[in-house]
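# Remarks on the overall topology
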Amino acid sequence: MSDLATTLTRHLAAAFAAEGLDPALGAVKRSDRPDLAPFQCNGAMAAGKAAGKPPRTVAEVVASRLAGVPEIASVEVAGPGFLNIALTDACLAARAQAVADDPRCGATPVAAPRRVIVDYGGPNVAKPMHVGHLRASIIGESIKRLFRFRGDEVWGDAHFGDWGFQMGLLIADFEERNGAIEGDDLSPLALEKLRGVTLEDLQSLYPEAAARAKEDEAFRDRARKATARLQSGNAAYRKIWAFYRDLSMAAQKEDFRALGVDFDLWKGEADVDPLIPGMVEDLRGKGLLVEDQGAQVVHVAGGETKKRKLEDGTVIDAPFPPPLLVVSSEGSAMYGTTDLATIVERAKDFSFDLCLYVVDQRQGDHFEQVFRAAALAGYAPRAALEHVGFGTMNGPDGKPFKTRAGGVLRLADLIEMAREKARERLRADEIGSDFSAEEFEDVAHKVGIAALKFADLANFRGTSYVFDLDRFMSFEGKTGPYLLYQSVRIKSILRKADEAGFKAGPIAISHPNERALTLALDAFDAALAAAYEKRAPHFLAEHAFSLAQAFSGFYTNCPILPEKEEAVRASRLALAQATLKQLARTLDLLGLEAPARM
Ligand code: ARG
């Protein structure tokens, strides 16, 4: 069953058409003035203009044509010609019942399912995951779940950063410590040294090597050459690479698990290495690859330019986007090379219709280069490739979040901070004081993660927000913990009803808060559609919050367990069940997990 606005639009479109007017004018939406009526149609304004009649007159004839429609309780013409529409309680009850009976909680699937890849998370091997990967993981996970729920076939891919310069840095560092590697194999001593490296070591090795490369040109050069030698297949280098990759990937998988983030494909940049030579040949054959200062590039600008400052200070109009670097002067594959080859691979293995890259919006130019190159080479149509960018999580200074010491915060530490804050919060409210230590920890974990995730998803993804754990963790207001709490509360109401032997029954609507709750339940499908179209889970976050609030109002004013009249109680129980089911579904689409009790 379609949602109420869609049902009304059908009737209004017919009424406009019957007046010889464009049926598209009959579009009905949620009212800006819900105090006057829940729905409105503004089509009479444009219709009046087109027909050269006063809009109010048009609105009045349309209203009179709607007089016999059984679902409509009232149509009022307001102001210059707005149509304010209210529905009958019977119509609301039928909609609430349909939502309650629907395993999809009132959500319609997409008409034409697509094959979709969601590329998100994207941690770099040898670097611990940090707060920058938090948003990519949280938003990407939600988008993956949303697309899948709407009926698309979806693959989430972590796309580990495991093939670039950072690996060359680590290998160069290894050689500096343990001697240069001459041949194609590691000496037993080198192998022993390698196996002695721990995750802790790795986490300081990389930042040190990266800092050194900035200062020390000889070291930087060595790292560049090491990158090229690794990519050309040197087996000894490959061993070092594999060891470091496995070590850090294991830790990153732990972080993902803690966040409730899971991938269908745990692939990395290195996985497309075998495809690169063929792709380079193909690009050359198509006349797209050109030599530029010893490197091989693809020109992707279509006539646009952007001002660019040269080293000597002169400003020129440079082609924009700049050329995509495919092979460096050392002969290595670059960030864009592996991204381009990954498109080739995904097209071959998944014949995707759409590939979404959930990555920091500051990488916008990079993706524009890659997508244009892919389109030029015929690997994927431009419209099938989309960068879903997001802003940063900032510190109180308004700049991307840093630790007090000024470093980047490790994701694992951030998660522990959230958990600790959740423990404090729960203890302060004496929640879980009678739980086993294990259950208490589980609840604290779920509350902590929900706080982090919801705070992130509650903003439009393009907007940056300020990290404020106290606010994220509040049990009041638009927060993850509030939503978990509401869902647990409904569970407990239903449990008590069950214990009392009360059964849910057919839904009837008569109280204003029952109407409001039905309208909230009805809004799910539109929220899903908006989140899907805009690739923006915050529409779902909004929905979860307004549903929880509508339930709260309903529960305060419409007694369930104390209600004497059996039919009313049964109807309200059914409404509570439908709310819990839809709320749980929405929270799941956001990646939040509610405990059984708290
Ligand atoms: N590893 C990259 C980073 O940390 C993110 C990868 C994003 N995905 C992609 N296909 N480029 O910046």
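We now turn to the structure provided with this report. From a predicted model like this one, the values you see are computed outputs, not experimental measurements.

For the rest of this paragraph, the subject is the pattern of salt bridges. The tally for this structure, following the rule as stated, stands at 51 salt bridges. Across the pair Glu-208 and Arg-177 runs a salt bridge, and its minimum N-O distance is 4.0 Å. Of this pair, Glu-208 sits in helix α8 (residues 199-215) while Arg-177 sits in helix α6 (residues 165-178), placing them 31 residues apart in sequence. Residue classification places Glu-208 among the partly exposed residues on the basis of a relative accessible area of 47%.

Quick look at the site of the ligand now. All residues in the neighbourhood of the ligand are listed as Asp-119, Gly-122, Asn-124, His-133, His-159, Tyr-335, Asp-339, Tyr-357, Val-359, Gln-363 and Phe-367. A distance of 3.4 Å separates an oxygen atom of the ligand from a polar side-chain atom of His-133. Here Gln-363 contributes a side-chain N or O atom positioned 2.9 Å from an oxygen atom of the ligand. Coverage of the ligand by the protein amounts to 87% of the 350 Å² it exposes when considered alone. Classifying every residue of the shell around the ligand gives four nonpolar, five polar and two charged.

The strand order across the open sheet built from four strands is β6-β5-β12-β13, with neighbouring strands paired in parallel fashion. If you trace the sheet from one side to the other, it starts and ends with β6 (153-157) and β13 (385-390), each paired once. For this sheet the average axis-to-axis angle between neighbouring strands, irrespective of direction, equals 20 degrees. Where strand β5 (residues 115-119) lies against β6, five bridges are found, and the strand directions are parallel.

This part is about a nonpolar patch on the surface. Taken together, the side chains of Leu-325, Met-334 and Tyr-335 present a nonpolar region at the surface, about 230 Å² in accessible area. Tracing the backbone through its elements, the reader meets Leu-325 in strand β11 (residues 324-327). Taking the relative accessible area as the measure of exposure, Leu-325 reaches 33% and is therefore partly exposed.

All right, on to the environment of Arg-585 then. Within the element layout of this structure, Arg-585 appears in helix α21 (residues 566-590). For Arg-585, a relative accessible area of 30% puts it in the partly exposed group. Between the C-alpha atom of Arg-585 and that of Arg-104, which follows or precedes it by 481 residues, the distance is 8.6 Å. Discounting residues that sit within four places of it in the chain, Arg-585 has contacts with Cys-105, Phe-149 and Phe-524.

What follows deals with the packing of aromatic side chains. Where two aromatic rings form a pair, the distance of their centres and the angle of their planes describe that pair. The tally for this structure, following the rule as stated, stands at 20 aromatic pairs. Measuring from ring centre to ring centre gives 4.9 Å for Phe-256 and Phe-263, while their planes differ by 80 degrees; the resulting arrangement is edge-to-face. With a relative accessible area of 0%, Phe-256 lands in the buried category. Aromatic ring contacts, followed pair by pair, group Tyr-120, Phe-160, Phe-256, Phe-263 and Trp-266 into a single cluster. Its end group placed over the ring of Phe-320, Lys-306 keeps NZ or CZ at 4.3 Å from the ring centre.

Attention shifts here to helix α4 (residues 89-101). The end-to-end C-alpha distance of α4, which contains 13 residues, comes to 18 Å, matching closely the 18 Å that a straight helix rising 1.5 Å per residue would cover. Those residues of α4 that fall on the buried side of the exposure criterion are Cys-91, Leu-92, Ala-93, Arg-95, Ala-96, Val-99 and Ala-100. Of the surrounding secondary structure, the elements contacted by the buried residues of α4 are α1 (4-18), β4 (82-87), α18 (512-522) and α21.

All right, on to the pairing of β13 then. The pairing of strand β12 (residues 354-360) with β13 spans six bridges and is parallel. Within the sheet, the bridge partner assigned to Cys-355 lies in β13 and is Leu-385. Of the crossover connections in this fold, the one passing from β12 over helix α13 (residues 364-377) to the parallel β13 is right-handed.

Taking strand neighbours across the sheet as the criterion, the four strands line up as β1-β2-β4-β3 in an open arrangement whose pairing is antiparallel. The sheet terminates laterally at β1 (28-30) and β3 (72-78), the two strands that pair on one side only. For this sheet, the mean inter-axis angle between neighbouring strands, taken without regard to orientation, is 30 degrees. Inspection of the sheet shows β1 paired to strand β2 (residues 39-41) by three bridges, in the antiparallel sense. Looking across to β2, one finds that Arg-30 is bridged to Phe-39. Each of β3 and β4 touches helix α3 (residues 55-65); the most contacted strand, β3, lies at about 170 degrees to it.

All right, on to the packing of α6 against helix α10 (residues 235-259) then. Closest axis-to-axis distance for the α6/α10 pair is 10 Å, and the angle between their directions is 110 degrees. The pairing of α6 with α10 is recorded here as roughly perpendicular in orientation. Crossing handedness for the pair α6 and α10: right-handed. Taking contact as the criterion, the partners of Met-167, Leu-170, Ile-171, Phe-174 and Glu-175 in α6 are, on α10, Tyr-237, Ile-240, Trp-241 and Tyr-244.

Our next topic: the environment of Phe-263. Tracing the backbone through its elements, the reader meets Phe-263 in the loop between α10 and α11 (276-285). With 144 residues separating them along the chain, Phe-263 and Asp-119 place their C-alpha atoms 9.5 Å apart.

This part is about helix α20 (residues 538-557). Look at α20: 29 Å from first C-alpha to last across 20 residues, which is about the 28 Å you get at 1.5 Å a residue. Looking at α20, one finds that the buried residues are His-538, Leu-540, Ala-541, His-543, Ala-544, Phe-545, Leu-547, Ala-548, Ala-550, Phe-551 and Phe-554. The elements touched by buried residues of α20 are α5 (132-149), α15 (437-457), α17 (480-499), α18, α19 (524-534) and α21.

Let's shift gears to the packing of helix α7 (residues 188-195) against α10. Taken N-terminus to C-terminus, the directions of α7 and α10 make an angle of 15 degrees; their axes are 10 Å apart at the nearest point. By the angle between their directions, the pair α7 and α10 is classed as roughly parallel. Taken as a pair, α7 and α10 cross one another with a handedness that is right-handed. Each of Leu-191, Leu-194 and Arg-195 in α7 lies in contact with α10, whose residues at this interface are Lys-239, Ile-240, Phe-243 and Tyr-244. Across the contact of α7 with α10, the residue classes tally to five nonpolar, no polar and two charged.

The rules behind each value
Residues numbered from 1 in each chain as written. Predicted model: local features only at pLDDT ≥ 70, side-chain atom pairs only at ≥ 80, totals over all residues. Heavy atoms only, no water. Salt bridge = Lys/Arg side-chain N within 4 Å of Asp/Glu carboxyl O. Helix = DSSP H or I, 4+ residues; strand = E, 2+ residues; numbered from the N terminus. Buried < 20%, exposed > 50% of the residue type's maximum accessible area, 1.4 Å probe, protein only. Near = heavy atom within 4 Å. Polar contact = N/O pair within 3.5 Å; in protein donor to acceptor, adjacent residues only side chain to side chain. Areas by Shrake-Rupley, 256 points an atom, 1.4 Å probe, with all protein chains shown as cover. Nonpolar A, V, L, I, M, F, W, Y, C, P; charged D, E, K, R; others polar. Pairing = 2+ DSSP bridges. Axes fitted to C-alpha atoms, helices over the stretch in contact; angles between N-to-C directions. Patch = residues over 30% accessible without salt bridge, like charges linked within 9 Å, V, L, I, M, F, W, Y side chains within 5 Å. Contact = heavy atoms within 4.5 Å. Phe/Tyr/Trp six-rings, centres within 6.5 Å; stacked < 30°, edge-to-face > 60°. Lys NZ or Arg CZ within 6 Å of the ring centre and 35° of its normal. Expected span 1.5 Å × (residues − 1). Right-handed = clockwise from strand over helix to strand, strands pointing away. Parallel < 35°, antiparallel > 145°, perpendicular 65-115°, else oblique. Left-handed = near helix turned anticlockwise from the far one by under 90°.

These figures come from the coordinates and say nothing about function on their own.
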